[in-house]
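What follows is the residue order along each chain.
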Amino acid sequence: MSTFSSVDARTGEVLRNDIPASSISDIDQAVHAAHAAFAQWQASSADERAALLNGLAQALEDDREGLVAVADLESGLGPVRLSGEIDRTAFQLRAWATSTIERA
């Protein structure tokens, strides 16, 4: 199995060099799972969709500290910028949730 590395953007130091690369079979399984999830998404109610979108927003905010730490190491963008990206994404997810309910 092939692997790839995660690198500190500021120092070039390898953080992890044992991350498994996806095989053709892995990708095929992911595509099939996405297709199945799409059918479930289509069949879900507006309330269920909104709940999922709001839950995703909350999960991002709940794991802000860990996400920012890893993303900062790998991107070098800095905690302020990355925390802002979490805020923006959570806001968009909640806006889509509201829009989903309003259109129902």
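Everything that follows concerns the structure shown earlier in this document.
Residues numbered from 1 in each chain as written. Predicted model: local features only at pLDDT ≥ 70, side-chain atom pairs only at ≥ 80, totals over all residues. Heavy atoms only, no water.

Colleague: I'm lost on the nonpolar core in this one. Help?
Modeller: If you look at soluble globular proteins, the nonpolar side chains tend to sit buried side by side. One finds Ala 50, Leu 53, Ala 57, Ala 90, Leu 93 and Ala 97 forming the largest nonpolar core, which totals 6 residues. Of all the elements in the fold, those that place two or more residues in this core are helix H2 (46–62) and helix H4 (79–103). If sequence neighbours within four positions are ignored, Ala 90 has contacts with Ala 57 and Glu 61. (Core = buried A, V, L, I, M, F, W, Y, C linked by side-chain atoms within 4.5 Å. Buried < 20%, exposed > 50% of the residue type's maximum accessible area, 1.4 Å probe, protein only. Helix = DSSP H or I, 4+ residues; strand = E, 2+ residues; numbered from the N terminus. Contact = heavy atoms within 4.5 Å.)

Colleague: Even after reading the chapter, I still don't get the pattern of salt bridges, so can you show me in this structure?
Modeller: Should the charged atoms of two oppositely charged side chains come close, the side chains can pair. By the definition in use, this model includes 6 salt bridges. Among the ionic pairs, Asp 72 bridges to Arg 10, the shortest N-O distance being 2.6 Å. Linking Asp 72 in helix H3 (residues 64–75) with Arg 10 in the loop between strand E1 (3–7) and strand E2 (14–20), this pair joins segments that are 62 residues apart in sequence. The buried category is assigned to Asp 72, whose relative accessible area is 14%. (Salt bridge = Lys/Arg side-chain N within 4 Å of Asp/Glu carboxyl O.)

Colleague: Is there a simple way to explain the packing of H2 against H4 in this structure?
Modeller: In helix packing, the relevant descriptors are the interaxial angle and the interaxial distance, both defined with respect to the helix axes. Their axes nearest at 8 Å, the elements H2 and H4 cross at an angle of 170°. Relative to H4, H2 is oriented roughly antiparallel. Counting all contacts with H2, which are made through Ala 46, Asp 47, Arg 49, Ala 50, Leu 53, Asn 54, Leu 56, Ala 57, Gln 58, Leu 60 and Glu 61, the residues of H4 involved are Ile 86, Thr 89, Ala 90, Leu 93, Arg 94, Trp 96, Ala 97, Thr 100 and Ile 101. (Axes fitted to C-alpha atoms, helices over the stretch in contact; angles between N-to-C directions. Parallel < 35°, antiparallel > 145°, perpendicular 65-115°, else oblique.)

Colleague: What's the story with the pairing of E1 in this structure? I'm lost.
Modeller: Taken residue by residue, a regular strand's side chains alternate between the two faces of the sheet. When E1 meets E2, the two strands line up antiparallel, connected through 4 bridges. Across the sheet, residue Val 7 finds its bridge partner in E2, namely Val 14. A loop of 6 residues connects E1 with E2, the two strands running antiparallel in sequence, and Gly 12 in this loop sits at a positive phi of about 80°. (Pairing = 2+ DSSP bridges.)

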